[in-house]
Amino acid sequence: MTQTQNQQREALEEFLHRFFGPGNGVWPNLDPDYRHKDRTLPFVEAIRRGDNAPTVLPRVYTDRDRFVVYVISREPGERAKTAELIRAFAGPTYIAYDEQVGIQPAWLDPDDPVEQAIRDFAGDRTTFRLETGRTLEHRRNLVGALELMQRTEARRPPRMWRVSKPIGRLLAEFDASLSAGAEAASNVVLDHLAAAGGVTAANLTNLRIKRLDRLGRSEEILQLSELPDAIRQNPPLPVKEAILNAVYAALEEPLAEGDLPSAQARLEERGRFVPALLDADAGKLGTEAVTVLLMAATILEDLPALHRLVEAIQNKGRVDELPSLIWDDAQRVLAEGDGAATPPAAAEPVPQVAEDDASESLPAIDSWPAFLAAVAAGSRAGKSAVEQRSWTAWSPPAVHDADLAGFLDGLENQAAEEAWRAVGAFIDADGYVAPAGLTAHAFIRNAVAFDRFGPGDLAALQALTEIALRTGPSAHTYAELLDEIGAYSSRWVSPERASIALDFVDRLFLVACPDEDARTKLACNLLEPLCRHQGRLNEADLAFAKRLSGELGVGFSWQERAGTDDERELSLSDLPPMKVLLYSLDDAVLTRCAEEIKHLAPAVDAAKASDYVGSTQLRQKARSADLIVIATRCAKHAATGYITQHARTEHIHYADGSGSASMLRAAVAGLRSAAVGR
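Just so you know, these numbers come straight off a predicted model, no measurement behind them.

A.B. asks: Lay out the environment of Pro-92 with the relevant residues and their values.
C.D. replies: Relative to the helices and strands, Pro-92 is located in the loop between α3 (79–89) and α4 (113–122). Residue Pro-92 is classed as partly exposed on the basis of its relative accessible area of 46%. Sequence spacing of Pro-92 and Thr-132 is 40 residues, and the spatial spacing of their C-alpha atoms is 9.9 Å.

A.B. asks: Talk me through unusual backbone geometry; I want residue IDs and the actual numbers.
C.D. replies: With phi around 50°, Asn-234 is a residue other than glycine that occupies positive phi space. Relative to the helices and strands, Asn-234 resides in the loop between α10 (227–232) and α11 (237–256). If you check the backbone angles, Glu-301 has positive phi at about 55° while not being a glycine. With respect to the helices and strands, Glu-301 occurs in the loop between α13 (287–300) and α14 (303–315).

A.B. asks: Any details on the sheet that holds strand β3 (residues 127–131)? Residues and values, ideally.
C.D. replies: Reading across the sheet, the 3 strands line up as β1-β2-β3 and stay open at both edges, with antiparallel pairing between neighbours. Sheet topology places β1 (55–60) and β3 at the edges, where each strand pairs with a single neighbour. The sheet shows a mean angle of 25° between the axes of neighbouring strands, direction not considered. Pairing between strand β2 (residues 67–72) and β3: 5 bridges, direction antiparallel.

A.B. asks: So what's going on with the environment of Tyr-34? Which residues, and what values?
C.D. replies: As for its position among the elements, Tyr-34 is in the loop between α1 (3–19) and α2 (41–49). You can call Tyr-34 partly exposed: its relative accessible area is 23%. The contact partners of Tyr-34, leaving out residues within four places of it in the chain, are Gly-25, Val-26, Trp-27 and Pro-28.

A.B. asks: I'd love a proper account of the sheet that holds strand β4 (residues 578–583), names of residues and values included.
C.D. replies: The 4 strands lie next to each other as β5-β4-β6-β7, forming an open sheet whose pairing is parallel. Every interior strand has two partners, whereas the edge strands, β5 (604–609) and β7 (652–654), have only one. Sheet twist, expressed as the mean angle between neighbouring strand axes with direction ignored, is 20°. Pairing between strand β6 (residues 627–630) and β7: 3 bridges, direction parallel. Across the sheet, residue Ile-628 finds its bridge partner in β7, namely Ile-652. Those strands touched by helix α27 (residues 587–600) are β4 and β5, and its axis lies near 175° from that of β5.

A.B. asks: I'd like a description of a nonpolar patch on the surface, backed by residues and values.
C.D. replies: Judged by side-chain polarity, Val-433, Tyr-612 and Val-613 come together as a nonpolar surface patch covering roughly 310 Å² of accessible area. Relative to the helices and strands, Val-433 resides in the loop between α20 (423–430) and α21 (437–449). Given the relative accessible area of 66%, Val-433 is considered exposed.

A.B. asks: Hey, could you go over the nonpolar core for me, with residue numbers and the actual values?
C.D. replies: By size, the foremost hydrophobic cluster in this structure holds 106 residues, and its most contacted members are Phe-371, Phe-426, Leu-464, Trp-492, Leu-582, Ile-597 and Met-663. In contact with Phe-371, not counting residues within four places along its chain, are Ile-365, Gly-382, Ala-385, Val-386, Trp-391, Trp-394, Ala-422 and Ala-425.

A.B. asks: Would you mind going over the pairing of β6 in detail, with residue names and values included?
C.D. replies: Burial along β6 is two-sided: Leu-627 and Val-629 and Ile-628 and Ile-630, pointing in opposite directions, are all buried. Where β4 and β6 come together, 4 bridges link them in parallel fashion. Directly across from Val-580, in β6, lies its bridge partner Leu-627.

A.B. asks: Account for the pattern of salt bridges, with residues named and values stated.
C.D. replies: A complete count under the given rule lists 37 salt bridges for this structure. Across the pair Asp-428 and Arg-389 runs a salt bridge whose closest N-O atoms are separated by 2.8 Å. Note that Asp-428 is positioned in helix α20 and Arg-389 in the loop between α17 (380–388) and α18 (401–409), a separation of 39 residues in sequence. With a relative accessible area of 6%, Asp-428 lands in the buried category.

A.B. asks: Can you explain the packing of helix α6 (residues 167–179) against α20? Please cite residues and give values.
C.D. replies: Packing of α6 against α20 leaves a shortest axis separation of 7 Å and a crossing angle of 15°. On the basis of their axis angle, the class for α6 and α20 is roughly parallel. Between α6 and α20 the crossing geometry is left-handed. Along its contact with α6, which presents Asp-175, Ala-176 and Ser-179, the element α20 presents Val-423, Gly-424, Ala-425, Ile-427 and Asp-428. Considering only residue class, the contact of α6 with α20 consists of 4 nonpolar, 2 polar and 2 charged.

A.B. asks: Outline the packing of aromatic side chains, listing residues and values.
C.D. replies: Applying the stated criterion to the full structure yields 14 aromatic pairs. Aromatic side chains Trp-368 and Phe-371 sit 5.2 Å apart centroid to centroid with 85° between the ring planes, which places their arrangement in the edge-to-face category. Highlighted residues: Trp-368 and Phe-371, both in helix α16 (residues 368–376), separated by 3 residues, approximately one helical turn. The exposure class of Phe-371 is buried, given its relative accessible area of 0%. Pairwise contacts between aromatic rings join Trp-368, Phe-371, Trp-391, Trp-394, Trp-420, Phe-426 and Phe-443 into one cluster. The ring of Tyr-61 carries the charged tip of Arg-59 above its face, separated from the ring centre by 3.8 Å.

A.B. asks: Explain the pairing of β5 to me, and be specific about the residues and the numbers.
C.D. replies: Here β4 pairs with β5 via 6 bridges, running parallel. From the neighbouring strand, Lys-579 faces β5, where its bridge partner is Asp-605. After leaving β4, the chain enters α27 and then returns to the sheet as β5, a path that is right-handed.

A.B. asks: Mind laying out the packing of helix α22 (residues 455–470) against helix α24 (residues 498–510), listing which residues take part and the relevant values?
C.D. replies: The packing of two helices is summarised by the inter-axis angle and the distance between the axes. At a minimum axis distance of 10 Å, the contact between α22 and α24 shows a crossing angle of 0°. Our classification of the angle between α22 and α24 gives roughly parallel. Along its contact with α22, which presents Leu-458, Leu-461, Gln-462, Thr-465, Glu-466 and Leu-469, the element α24 presents Ile-500, Asp-503, Phe-504, Arg-507 and Leu-508. In terms of residue class, the contact of α22 with α24 is built from 6 nonpolar, 2 polar and 3 charged.

Here is what the cut-offs are and how they apply
Residues numbered from 1 in each chain as written. Predicted model: local features only at pLDDT ≥ 70, side-chain atom pairs only at ≥ 80, totals over all residues. Heavy atoms only, no water. Helix = DSSP H or I, 4+ residues; strand = E, 2+ residues; numbered from the N terminus. Buried < 20%, exposed > 50% of the residue type's maximum accessible area, 1.4 Å probe, protein only. Pairing = 2+ DSSP bridges. Axes fitted to C-alpha atoms, helices over the stretch in contact; angles between N-to-C directions. Contact = heavy atoms within 4.5 Å. Patch = residues over 30% accessible without salt bridge, like charges linked within 9 Å, V, L, I, M, F, W, Y side chains within 5 Å. Areas by Shrake-Rupley, 256 points an atom, 1.4 Å probe, with all protein chains shown as cover. Salt bridge = Lys/Arg side-chain N within 4 Å of Asp/Glu carboxyl O. Core = buried A, V, L, I, M, F, W, Y, C linked by side-chain atoms within 4.5 Å. Parallel < 35°, antiparallel > 145°, perpendicular 65-115°, else oblique. Left-handed = near helix turned anticlockwise from the far one by under 90°. Nonpolar A, V, L, I, M, F, W, Y, C, P; charged D, E, K, R; others polar. Phe/Tyr/Trp six-rings, centres within 6.5 Å; stacked < 30°, edge-to-face > 60°. Lys NZ or Arg CZ within 6 Å of the ring centre and 35° of its normal. Right-handed = clockwise from strand over helix to strand, strands pointing away.

So, in structure tokens, the structure goes:
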């Protein structure tokens, strides 16, 4: 044995003695005579052998009745893989976790001797802390499942974990899942991007910021440890806007009350990153972000920046969008500064606003036809327009609907593959206002042709279907569309993706139906696999599948209750009185979800909200809710951030999609979580 191997072995033994030392009663000090060591011994032997599998180590707390199992990933980039392994072998049957956020890594307490030992041992490898029920049987089941996971993984032929999809396709899937409101799917794709490599740390941080902004999690953005580095690297404009939006969340209340000094004090307290963003192009930013920049430039008495901001605001005719006290204060500082400036006539040249990317030499793109052409060509200008969200300033896709659809249908394979990069932007631009049905249908054909059935892709496919059906297609087009969607449903319909399939079926009942046979055929194709495997459905999916079957009038036979072996769970009908706020921009989805909640949990009062921006009513609903469920499809930070800012409950759940089934699944999970603490 070499010296290095000796050192590694000694380090491992030191770790094991620390892990099984004070604070862990599962095998005290690795005592060879300990009579209950047999259950833990396989895990210790696995780590000593150096098995090609995640490390699994159990713990019994010595100061309370708590049992956990730590799972440490094999390599630093295997967070997503390890979470999937845990889920496949142990969850959700044997472990407790929020299905909306998935199995997440644990934050390890440095003051806990056992967890500090893991921190020292694992380094930058990911650690999961898993908990189960309190009975001995629960603990044995969890340990048995993880032992099987470890043993199975160790026996597999060695191979590198690599995501098969290219980075460009993953980025497109990430954008599409964000636009389609697939919260969990966007997190999964982000994990895959991190695991795949090829994306810089700065770009990963930018993606995280975009996602948190869409969810309205302002505080999490400002607490990101990578934020200073991200700002130093001049991120794309949407990322800058997300950071400024996060700062604005703290200013909103004093500004609404006309309390400028308090708002300025909060900006000085929370806006330490804002001065570095003063060169952002204000003409392309939202009102919240512009307000923060104007306040910062006023406080700093940065006259050049103030001049640029005021000029940009006036040129765009946006003065009325800003709080008058902010605008007036900026004008006062400008007047005082210009009056004191010497010599007054020698106007210094105004610095040019820095572009937010290296797009100065790129051809201008100012419409959807030019945008799709650039993206399909894989040009830098197209990629830049995607990153910068340039489409927000153009006429909506519906204006060019027929031309865009014809262009997409005429693309060769490589160009069609590239064009999918624009699908997130297309869904985002729809905004439930002006549907471009022909273009949505062309994107659906693209998805089916290229087997785009990943988690984010399916959410995009569902959103595209909603857009296409909202235009009221003819009977022929309707049947053609449904045939295309159903043709490959066997590749993705499963209990794990039940809410997506149910969202598809639900959408068929929310829009006009020009062809009953086509609707029945697709609905049956999507429901039949779920009925066949209904024992694996959760209670929300089972309940909604029953409802859709009844509305469809087909004779699927469903069991009474979802299968569960957890005796801790109350029946939904026995849940205590609670208030739940459902937020979505789709009124029909809100109504269907509220009806189903009333049916499943009669004591729960479901309120609905679909405000585009914050309002007094929305604030009241957010403050009074015991549970908040948000669908982010087409929602803007102004609304989601407003809700999370004013919520008094810790129970905020996000639907992993924009349909009724996704929202109901999130609501049921949230109700159970909220009921635990009551």
